[in-house]
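Read off the chains here:
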Amino acid sequence: MSTDHGSVPNLADVQAAVLQPRPTPYAGTYLALRIDDRRQARALVQRMLPMLDSVASFDAERQVSLAIGFSFEGLRAIGVPEDSLATFSPEFQQGMAARAAELGDLGDSSPANWEGPLGSKDLHLMLVGLAPDTPRLEAILLLARDALRDLPGVATIWQQEVFAAPNEREPFGFKDGIGQPAIEGAAIPCTNSREEPLKAGEFLLGFEDETGSIAPVPQPDILGRGGTYAAFRKLHTRVADFRQYLRDRAADRADEELLAAKVVGRWPSGAPLALSPDRDDPELGADPHRNNDFQYGDDPRGLKCPLGSHARRMNPRDAIITGEVRLHRMIRRGTNYGPPLPQGVYEDDGADRGIVFAFIGAHLARQFEFVQAQWVNDGKFIGVPAEKDPLVGANDDGQFTVPRTPIRRRFQGLPPFVVNRGGEYCFLPSLSALRWIADLDT
Amino acid sequence: MSQQSLEQRFQGLPATVRQKVDAVIDDAKVALKVRVGELLADKDEVAEHAVTTAGRVGAKSGEVSELTAIMPLKPGGAERLRKFFKLVDGNLAGAGDVGTLHNMRFVFLDGDTKLLFATAYDGEWDPYIDDFATKIPEMMDHLFGNVEGWPGIHSPEVKDFIVQYQLPAEAWFVAHPNLTVAGATRLKRLDRTVQSFLTELN
Ligand code: HEM
């Protein structure tokens, strides 16, 4: 078998952002574009092709990356034929707003309350630029803007700056971006030596996946193969509410820190509770060879790391749960937006801050949507139907249990700490698919 | 209880409940009318056992859903299945791996031309079909491979295939609607712990 029809993905054809870890620290920009003229949009793709790196050509020294994604309406707007559009996954065809019930996007998170133009049919093309610092980000953005010159038929309708501090803390104050899946043939170092690499078909369309089969590939093959799906969500974080909730229930300052760590499943430095259950261990948190190298099998009751903590829910590893962990893994590209709330502040300052969360995977339904519905907004899989994810779940008078001997601690009246401001499902085509799109003649 | 005191009990129920009962089972014995009426009037009991929907087809009570399907068998299908069930003495213990299955049964109908499959399981079936297929794919294909037109457990059409033969239950009762299989396992463990603790105390 040749590489492009074999079972091994051709890394020279996959967009770098799909598999390459993002730089740390980073500065980034999300741009959403609306296509009013399909020929001009194709010209844009044509101009951008030389700027795009593949996983293979990605320069780990430069750490600069630009990615292109299309919403379903975007593929239609650029002229992908209807019979081809019909071969994309049904969830992608509907778009994120239409999936609100499945995703738990209700109340403040419901599409009716989203920030425009998120959730509208105008959002067609997403460009994401990431670089290790602002000057280098400016440089790629300049290139992207130059590619847009004299193309009035492609309008920029939304822009979101994202960044990370050198300590990589997310808005709640914890190191983020640690846990990522190991992938067969991806040539990216795996961080959990005990996780057998996942089949490439979990993350790239057209390859064998963990069910032992190859999922339907969007047609024609050149368009679908080597591409994948992304889900991005602008998640606003209620940091002051989070701090107040913990302070009101903690015995003292140290207990407050312990409770926060129990909610997350890691300490602020990133040190996992599974390896350091009683106190933070900054050296462990900073060590990429150790900070993700663990399982939960020796902690079935969750005495070290609660079954309901965010990180353990999102990847139960070898813990016994209902279902198969390996069918619900994801690549994450979370990036911060907004000013951090200074440490020690418990009052909300009114600023909008949070994460632009990005999921990457080949199966929107059984990866992203399943995790949102079953692992974030339900607790049946760990035997506690009454509990949702304490950090990111759609809680309303929610409950969270911290196992402890002789008697567990149980926390009630959990409010939501995360609100969805809007998002969309995107398709991230391979480089040859982008060429095919640029050459469309419809 | 005398006919008269039953009648009194019935009259003691809220008027809306009496109207509902009379409208549907006016011709029933008063003893039955009292039982149904009292059941309907017990709001907590009714709420705990409320029947909702399990997804595309099927009923759900609390966390427990039902799936009933009658599917056409291939020629010789019943015979092959019988052989298999005999081999394991009708014991499908491995199905416990799925983790959400309360029970399931296989019954042959219409002179061995059809298969009745009925099961009670936790939560919604749709999102877990892939997990199910990955945990016991050989078993699923071996059993359902005897059904006419079975597309294979890994086929993207498998959900539609099953739904097509599924018959929704018109009524559905579960003794402990909020007790999942995982929850029951936890209670058993808790009970063992408590019992051994008490034994040690003695
Ligand atoms: C504002 C929202 C969120 C915040 C602040 C947040 C924060 C965190 C933190 C601090 C960690 C631990 C560090 C790490 O392993 O990287 C983590 C892990 C993780 N989160 Fe989130 N998260 C958010 C939303 C989500 C959502 C919506 C999902 C999925 C739908 C998700 C999936 C994951 C996964 C898969 C992991 C890695 C678990 C592992 O492999 O051990 N997160 N998150």
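Residues numbered from 1 in each chain as written. Chains lettered and ligands numbered in written order. Predicted model: local features only at pLDDT ≥ 70, side-chain atom pairs only at ≥ 80, totals over all residues. Heavy atoms only, no water.

**Some words on the overall build of chain A**
A tally of helices and strands in chain A yields 14 helices and 11 strands. Considering only C-alpha atoms, chain A reaches an extent of 70 × 50 × 40 Å along its principal axes. Among the 442 residues that make up chain A, the fraction classed as buried is 60%. When contacts within chain A are restricted to residue pairs at least 6 apart in sequence, those whose partners lie at least 24 apart make up 72%. Counting every atom, chain A has about 17300 Å² of accessible surface; 52% of that belongs to carbon and sulfur. When the 48 basic and 61 acidic side-chain charges of chain A are each reduced to a single mean position, those positions are 3 Å apart. (Helix = DSSP H or I, 4+ residues; strand = E, 2+ residues; numbered from the N terminus. Buried < 20%, exposed > 50% of the residue type's maximum accessible area, 1.4 Å probe, protein only. Contact = heavy atoms within 4.5 Å. Areas by Shrake-Rupley, 256 points an atom, 1.4 Å probe, with all protein chains shown as cover. Lys, Arg positive; Asp, Glu negative; His and termini not counted. Charge placed at Lys NZ, Arg CZ, Asp CG, Glu CD.)

**A short note on the interface of chain A and chain B**
With 18 residues of chain A in contact, the opposing surface of chain B contributes 17 residues. Buried area between chain A and chain B, both sides added, is near 1500 Å², and the carbon and sulfur share of it is 56%. Along the contact surface separating chain A from chain B lie 1 salt bridge. A salt bridge links Lys380(A) to Glu63(B); the nearest nitrogen and oxygen atoms lie 2.9 Å apart. On inspection of chain A and its partner chain B, the count reaches 3 residue pairs in polar contact (both at pLDDT 80 or more). Of the residues belonging to the side of chain A that touches chain B, the class tally is 7 nonpolar, 7 polar and 4 charged. (Buried area = accessible area lost by both parts, 1.4 Å probe. Salt bridge = Lys/Arg side-chain N within 4 Å of Asp/Glu carboxyl O. Polar contact = N/O pair within 3.5 Å; in protein donor to acceptor, adjacent residues only side chain to side chain. Nonpolar A, V, L, I, M, F, W, Y, C, P; charged D, E, K, R; others polar.)

**Brief notes about the domain arrangement of chain B**
Taken as a whole, chain B is organised into domain 1 (1–41) and domain 2 (51–165). Summarising the inter-unit geometry, the C-alpha centres of domain 1 of chain B and domain 2 of chain B are found 40 Å apart. (Domains from an automatic or database assignment.)

**Thoughts on the site of the ligand**
Residue and element names in this part refer to chain A. The environment of the ligand is formed by 26 residues, the closest being Gly177, Ile178, His310, Arg317 and Arg332. One nitrogen or oxygen atom from the side chain of arginine 317 is found 2.6 Å from an oxygen atom belonging to the ligand. Secondary-structure elements contributing two or more residues to the shell around the ligand are strand E5 (228–237), helix H12 (310–314), strand E8 (354–361) and helix H13 (364–376). Taken together, the residues that form the shell around the ligand break down as 14 nonpolar, 6 polar and 6 charged. (Near = heavy atom within 4 Å.)

**What about the packing of helix H9 (residues 239–249) of chain A against helix H10 (residues 253–264) of chain A?**
Residues and elements named next belong to chain A. As a packed pair, H9 and H10 sit with axes 9 Å apart at the nearest point and diverge in direction by 125°. Considering their axes alone, H9 and H10 lie oblique with respect to each other. Here the hand of the crossing between H9 and H10 comes out right-handed. Where H9 abuts H10, its residues Phe242, Arg243, Leu246, Arg247 and Arg249 lie against Asp255, Glu256, Leu259, Ala260 and Val263. For the contact of H9 with H10, the residue count by class is 5 nonpolar, no polar and 5 charged. (Axes fitted to C-alpha atoms, helices over the stretch in contact; angles between N-to-C directions. Parallel < 35°, antiparallel > 145°, perpendicular 65-115°, else oblique. Left-handed = near helix turned anticlockwise from the far one by under 90°.)

**What to know about the packing of aromatic side chains**
Evaluation of the coordinates by the stated rule reveals 24 aromatic pairs over all chains. Ring plane angle 25° and centroid distance 5.5 Å describe the contact between Trp375(A) and Phe381(A), whose orientation is recorded as stacked. Across the pair, exposure class does not vary: Trp375(A) and Phe381(A) are buried alike. An aromatic cluster is defined as three or more aromatic residues linked by ring pairs; in this entry it consists of Phe84(B), Phe85(B), Phe106(B), Phe117(B), Phe144(B), Trp150(B), Phe161(B) and Tyr165(B). A cation over a ring is seen here: Lys234(A) above Tyr337(A), with NZ or CZ 4.8 Å from the ring centre. Here the guanidinium or amino end of Arg249(A) rests over the ring plane of Tyr245(A), the centre of that ring lying 3.7 Å away. (Phe/Tyr/Trp six-rings, centres within 6.5 Å; stacked < 30°, edge-to-face > 60°. Lys NZ or Arg CZ within 6 Å of the ring centre and 35° of its normal.)

**Concerning the side chain of His236(A)**
Residues and elements named next belong to chain A. In this structure, histidine 236 sits in strand E5. Polar contacts involving the side chain of histidine 236 include one to the side chain of aspartate 352, which spans 2.8 Å. Within the structure, the side chain of histidine 236 is placed 3.3 Å from the backbone oxygen of arginine 353, a separation counted as a polar contact. Once you skip the residues sitting within four places of it in the chain, histidine 236 turns out to touch Tyr337, Ala351, Asp352, Arg353, Gly354, Phe417, Val418, Val419 and Arg421.

**A word on the pairing of strand E3 (residues 64–72) of chain B**
Along any regular strand, the residues point their side chains to alternate faces of the sheet. Residue and element names in this part refer to chain B. The element E3 is extensively covered by neighbouring structure, given that 7 of its 9 residues are classed as buried. Where strand E2 (residues 59–61) lies against E3, 2 bridges are found, and the strand directions are antiparallel. Residue pairing for E3: serine 61 is matched across the bridge by valine 64. In textbook terms, the turn of a hairpin is the stretch between consecutive antiparallel strands, and for E2 and E3 this stretch comprises 2 residues, one of which, glycine 62, has a positive phi near 60°. Relative to strand E5 (residues 114–122), E3 runs antiparallel, the two sharing 9 bridges. (Pairing = 2+ DSSP bridges.)

**Overview of the pairing of strand E1 (residues 27–35) of chain A**
Residue and element names in this part refer to chain A. Counting buried positions along E1 yields 8 of 9 residues, so the element is predominantly enclosed. Across 9 bridges, the pairing between E1 and strand E4 (residues 154–163) is antiparallel. For alanine 27, the partnering residue across the bridge sits in E4 and is phenylalanine 163.

**Observations concerning the environment of Ala171(B)**
Turning to its location among the elements, Ala171(B) is positioned in the loop between helix H8 (158–165) and helix H9 (181–201). C-alpha of Ala171(B) to C-alpha of Ser61(B): the two residues are 110 residues apart in sequence and 9.9 Å apart in space.

**What to know about the sheet that holds strand E4 (residues 101–109) of chain B**
Residues and elements named next belong to chain B. Reading across from one edge, E1-E2-E3-E5-E4 is the order of the 5 strands in this open sheet, with antiparallel pairing throughout. The sheet is open, and its two borders are formed by strand E1 (51–53) and E4, each paired with just one other strand. Strand-to-strand twist across the sheet, computed as the mean angle between neighbouring axes with direction ignored, equals 25°. Note: E4 against E5, 8 bridges, orientation antiparallel. Bridging from a neighbouring strand, asparagine 103 pairs with alanine 120 of E5.

**Section: the coordination of the iron atom of the ligand**
Around a metal, the ideal angle is 109.5 degrees if four donors adopt a tetrahedral arrangement and 90 or 180 degrees if six donors adopt an octahedral arrangement. Of the protein atoms, His310(A) (NE2) alone serves as a donor to the iron atom of the ligand, at 2.1 Å. Relative to the helices and strands, His310(A) is located in helix H12. (Donors = N, O, S within 2.8 Å, 3.2 Å for Na, K, Ca; no water.)

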